[in-house]
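Residue-level structure breakdown
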Amino acid sequence: MIGVSGLFSPDCLVIIVWTWLWLRREMAASMVRPTAIVASEAASSTPLLNDDNDIVDGAVDYKNRPVSRSKSGGWRSAYFIIGVEVAERFAYYGISSNLISFLTGPLGQSTAAAAANVNAWSGVASLLPLLGAFVADSFLGRYRTIIIASFLYILGLGLLMLSAVLPSLNYSDCQSVTNSGFCSTPQLQVILFFFSLYLVAVAQGGHKPCVQAFGADQFDVQDPRECIAKSSFFNWWYFSLCFGTMFTVSILNYIQDNLDWGLGFGIPCVMMAVALVIFLVGTITYRFGIKSEEKSAFTRIGLVFIKAARNWRTTSSAIAMEEESQGILPHQGSEQFKFLNKALLAPDGSKEDRKVCSNNEVEEAKAVLRLIPIWSTCLAYAIVFSQSSTLFTKQGVTMDRSVWPSFKIPPASLQSFTDLSIVIFIPIYDRIFVPFARVVTQKPTGISMLQRIGTGILLSLILMVIAALVEKKRLHTALEYGLIDNPNATVPMSAWWLVPQYVLFGISDVFTMVGLQEFFYDQMPSDLKSIGLGLYLSIFGVGSLLSSFLISAVEDVTGSNGQGSWFSDNLNKGHLDYFYWLLVGLSAASFMAYLFFAKSYIYNRRSII
């Protein structure tokens, strides 16, 4: 882990400032950099520039007035929105990355209880974005939801800081407790802490899906330049988050462990307050979608399923006749999920508008239904994703982490190679890979979103093969040096052996993580963009819970024969390599299923393929 003094050294500060200035230039370049595709499309669609085509269709400003393309949205708005998200991730990871240390330290919980609490909180925090997205898309809108969630964030972090600085919670007293038991913390203080913690989870649930969706809303997909820039937005969004948290979380963890927990929770509170001010300052540049007068998307889609279920006896010939009478031409999408076409007819045979669904509403329901197979086949990737901060770290604890005789890399700091590889590879992907692929495929985004996701899933399968082989070598080394019965001994094998799997994790994230963000945002109906990003986040929430369940199941099965489980406290007697091979098999099966569903997937708008 990089020390605080090192982070504030002149060389490091120069690197950070230079990278930020370069990032701003690269973001701006994606809006103005000429390409053959942009030139050809712009020439055919905008022969003359005038005031009319400078107005963005379907968008207004904060005063509900038509917005000018040249004075609103795009990267000028994205800077403000990315800034508030970096602060939010800084606050979230500033809590989650060291939460177990606070629970086992000042709160005096056992390791098992603390781990259970961390998993429960992480799972809830990963699933709440679905609720927050529903509230935003159905009632409040993304802008208002972000503001309310930011206030809740600040309140939660403030109460969290208060729970840590109350006089009755004195860590030095806890450290002086003898073996008679754990440190006793006042019940009211524990309640305040967990109330604050889950208030932060609620705030994150409203903040996370809306900020990214609102940022993507600033790019008009009808404009060739902005359409390409929107695809780059997801790349640079993830780059900014990883770069922004790569150093700052290390600083926070150092403050929490060595200085003061109250200060460690207070700094994220101040950061969120500053970020909220920055977000509000950018209001005059934002584009806001025009609220539709028709029924909400949830109502429309729900009615399609209800009416299709009521018409379950309707024959295919009756549906074909109705489609013909409405002038609906056969197309690729109409042949998929044909049972939903029954919603075009009323049960009593009447054709009153209130009793039947339109073809557009049926297509919306089909679009949502198409996402379910993609969502489910990505769960195995999420299970693999959850291993980097748990089992990989446990491997690193047992290995030689010496950089020089007087300094060892903390095992958790090996995860920084994932962030570092993301920060390095995203510019390569956006500035080298995409333009090259664009020439080959003639697609504005180089490769399709599903191809991008699938590439990352394949890379995650490869990295688990590497992880299994490295663990097998670690076990062989421990056996060779007679360390099987000595769990506290350092296995004479360098921790650098773990770096390739961490680096591959980062590269696979650039493909799959960013691809999933863009895919679930883009393929949802326009009224449900936040829900789309909530679904993307839920993949990793459910994947984390499935990982916990899988580990518990394997623990029960392998530990019941009296020979020790694969996850023995003495890793030299365990078999993490067997578990990794299990994940390889699970990932391979999931990847094959993904290829099957991706091949038959029908995009909502063919222009984005």
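Residues numbered from 1 in each chain as written. Predicted model: local features only at pLDDT ≥ 70, side-chain atom pairs only at ≥ 80, totals over all residues. Heavy atoms only, no water.

1. Concerning the overall build of the chain
For the chain, the count of helices and strands is 21 helices and seven strands. Going through the 609 residues of the chain one by one, you find that 52% of them count as buried. Sequence separation of at least 24 residues holds for 80% of the intrachain contacts in the chain that already meet a minimum separation of 6. Accessible surface, the chain: about 27,900 Å² in total, of which carbon and sulfur atoms supply 65%. (Helix = DSSP H or I, 4+ residues; strand = E, 2+ residues; numbered from the N terminus. Buried < 20%, exposed > 50% of the residue type's maximum accessible area, 1.4 Å probe, protein only. Contact = heavy atoms within 4.5 Å. Areas by Shrake-Rupley, 256 points an atom, 1.4 Å probe, with all protein chains shown as cover.)

2. Side note on helix α4 (residues 74-96)
The terminal C-alpha atoms of α4, which comprises 23 residues, lie 32 Å apart, in line with the 33 Å expected from a rise of 1.5 Å per residue. Buried residues dominate α4, accounting for 17 of its 23 residues. (Expected span 1.5 Å × (residues − 1).)

3. Describing the pattern of salt bridges
Tallied over the full model, the rule gives eleven salt bridges. Between Asp220 and Arg69 there is a salt bridge; the shortest N-O distance is 3.0 Å. With Asp220 in the loop between α9 (187-216) and α10 (224-258) and Arg69 in the loop between β2 (66-68) and α4, this residue pair connects regions lying 151 residues apart in the sequence. For the pair formed by Asp220 and Arg69, the shared burial category is buried. The shortest N-O distance in the salt bridge between Glu363 and Arg370 comes to 4.0 Å. Here the salt bridges share partners, and the residues they tie into one network are Glu85, Glu88, Arg89 and Lys208. (Salt bridge = Lys/Arg side-chain N within 4 Å of Asp/Glu carboxyl O.)

4. Brief notes about the packing of aromatic side chains
Inspection of the entire model under this criterion finds 37 aromatic pairs. Each ring, one from Phe219 and one from Phe233, has its centre 5.5 Å from the other, and the planes form 45 degrees; the classification is tilted. Taken as a pair, Phe219 in the loop between α9 and α10 and Phe233 in helix α10 lie far apart in primary sequence, 14 residues in all. For Phe219, a relative accessible area of 4% corresponds to the buried category. Phe233 sits in the buried class, given a relative accessible area of 0%. Between Tyr286 and Phe288, the ring centres sit 6.5 Å apart and the planes meet at 70 degrees, which makes this aromatic pair edge-to-face. (Phe/Tyr/Trp six-rings, centres within 6.5 Å; stacked < 30°, edge-to-face > 60°.)

5. A closer look at the pairing of strand β1 (residues 55-60)
The pairing of β1 with β2 spans two bridges and is antiparallel. Of the residues in β2, the one forming a bridge with Val60 is Pro66. Hairpin connection between β1 and β2: a loop of five residues separates the two successive antiparallel strands, and Asn64 in this loop has a positive phi of roughly 65 degrees. Across two bridges, β1 lies against strand β3 (residues 288-289) in antiparallel orientation. Bridged to Ala59 within β3 is Gly289. (Pairing = 2+ DSSP bridges.)

6. Observations regarding the side chain of Asn570
Within the fold, Asn570 resides in the loop between α20 (529-558) and α21 (576-600). Residue classification places Asn570 among the buried residues on the basis of a relative accessible area of 10%. A polar side-chain atom of Asn570 sits 2.8 Å from the main-chain carbonyl oxygen of Ile484. Sequence-distant contacts of Asn570, that is, excluding residues within four places in its chain, are made with Ile484, Asp485, Asn486 and Pro487. (Polar contact = N/O pair within 3.5 Å; in protein donor to acceptor, adjacent residues only side chain to side chain.)

7. With respect to the packing of helix α16 (residues 391-398) against helix α19 (residues 499-522)
Across the interface, α16 lies against α19 with an axial gap of 11 Å and an inter-helix angle of 155 degrees. Considered as vectors, α16 and α19 are oriented roughly antiparallel to each other. The two elements α16 and α19 cross, and the hand of that crossing is left-handed. Contacts between α16 and α19 pair Phe392, Thr393 and Gln395 from the former with Gln501, Tyr502 and Phe505 from the latter. Taken together, the residues of the contact of α16 with α19 break down into three nonpolar, three polar and no charged. (Axes fitted to C-alpha atoms, helices over the stretch in contact; angles between N-to-C directions. Parallel < 35°, antiparallel > 145°, perpendicular 65-115°, else oblique. Left-handed = near helix turned anticlockwise from the far one by under 90°. Nonpolar A, V, L, I, M, F, W, Y, C, P; charged D, E, K, R; others polar.)

8. Some words on the sheet that holds β1
Reading across the sheet, the three strands line up as β2-β1-β3 and stay open at both edges, with antiparallel pairing between neighbours. For this open sheet the edge positions go to β2 and β3, each flanked by a neighbour on one side alone.

9. Details of the environment of Gln387
Its location among the elements puts Gln387 in the loop between α15 (379-385) and α16. In this structure Gln387 comes out as buried when scored by relative accessible area, which is 0%. With 157 residues separating them in the primary sequence, Gln387 and Ser544 have C-alpha atoms 9.1 Å apart. In this view, Gln387 contacts Phe392, Ser547, Ile551, Phe579 and Leu583; residues no more than four positions away in its chain are not counted. At 2.8 Å, the side chain of Gln387 and the backbone oxygen of Ile383 are in polar contact.

10. Overview of the nonpolar core
Core analysis: the biggest nonpolar cluster contains 145 residues, and Phe193, Phe233, Phe279, Leu450, Met464, Phe519 and Tyr580 have the highest contact counts within it. Sorting elements by how many residues they give to this core places α19 first, with 13 residues. Excluding residues within four positions of it along the chain, Tyr580 makes contact with Leu391, Phe392, Gln395, Met464, Ala467, Ala468 and Glu471. (Core = buried A, V, L, I, M, F, W, Y, C linked by side-chain atoms within 4.5 Å.)

11. Observations concerning the packing of α4 against α9
For the pair α4 and α9, the least separation of the axes is 10 Å and the interaxial angle reads 150 degrees. Our classification of the angle between α4 and α9 gives roughly antiparallel. In the crossing of α4 with α9, the sense of the turn from one axis to the other is left-handed. Contacts between α4 and α9 involve Ile81, Val84, Glu85, Glu88, Arg89, Tyr92 and Ile95 from the first element and Leu197, Val200, Gln204, His207, Lys208, Val211, Phe214 and Gly215 from the second.

12. A closer look at unusual backbone geometry
Notably, Asn64 is not glycine yet its phi reads approximately 65 degrees, a positive angle. The residue Asn64 is located in the loop between β1 and β2 in this model. For Asn64, a relative accessible area of 59% corresponds to the exposed category. Positive phi outside glycine occurs at Gln442, with the angle close to 65 degrees. Tracing the chain through its elements places Gln442 in the loop between α17 (416-441) and α18 (449-480).

13. Observations regarding the confidence of the model for the chain
Chain-level statistics for the chain give a pLDDT mean of 77 and a share of 79% at 70 or above. Note on residues 26-50: pLDDT is under 50 here. Beyond four places in sequence and across chains, it has 35 contacts. Every residue in residues 169-182 scores below 50 in pLDDT, and together they form 17 contacts with partners more than four places removed in sequence or on other chains. (pLDDT = per-residue confidence, 0-100.)

14. Considering a nonpolar patch on the surface
Taken together, the side chains of Leu131, Phe134, Phe139, Leu140, Ile148 and Phe298 make up a nonpolar region of the molecular surface, amounting to roughly 530 Å² of accessible area. A per-element tally of the nonpolar patch places helix α6 (residues 111-140) first, with four residues. (Patch = residues over 30% accessible without salt bridge, like charges linked within 9 Å, V, L, I, M, F, W, Y side chains within 5 Å.)

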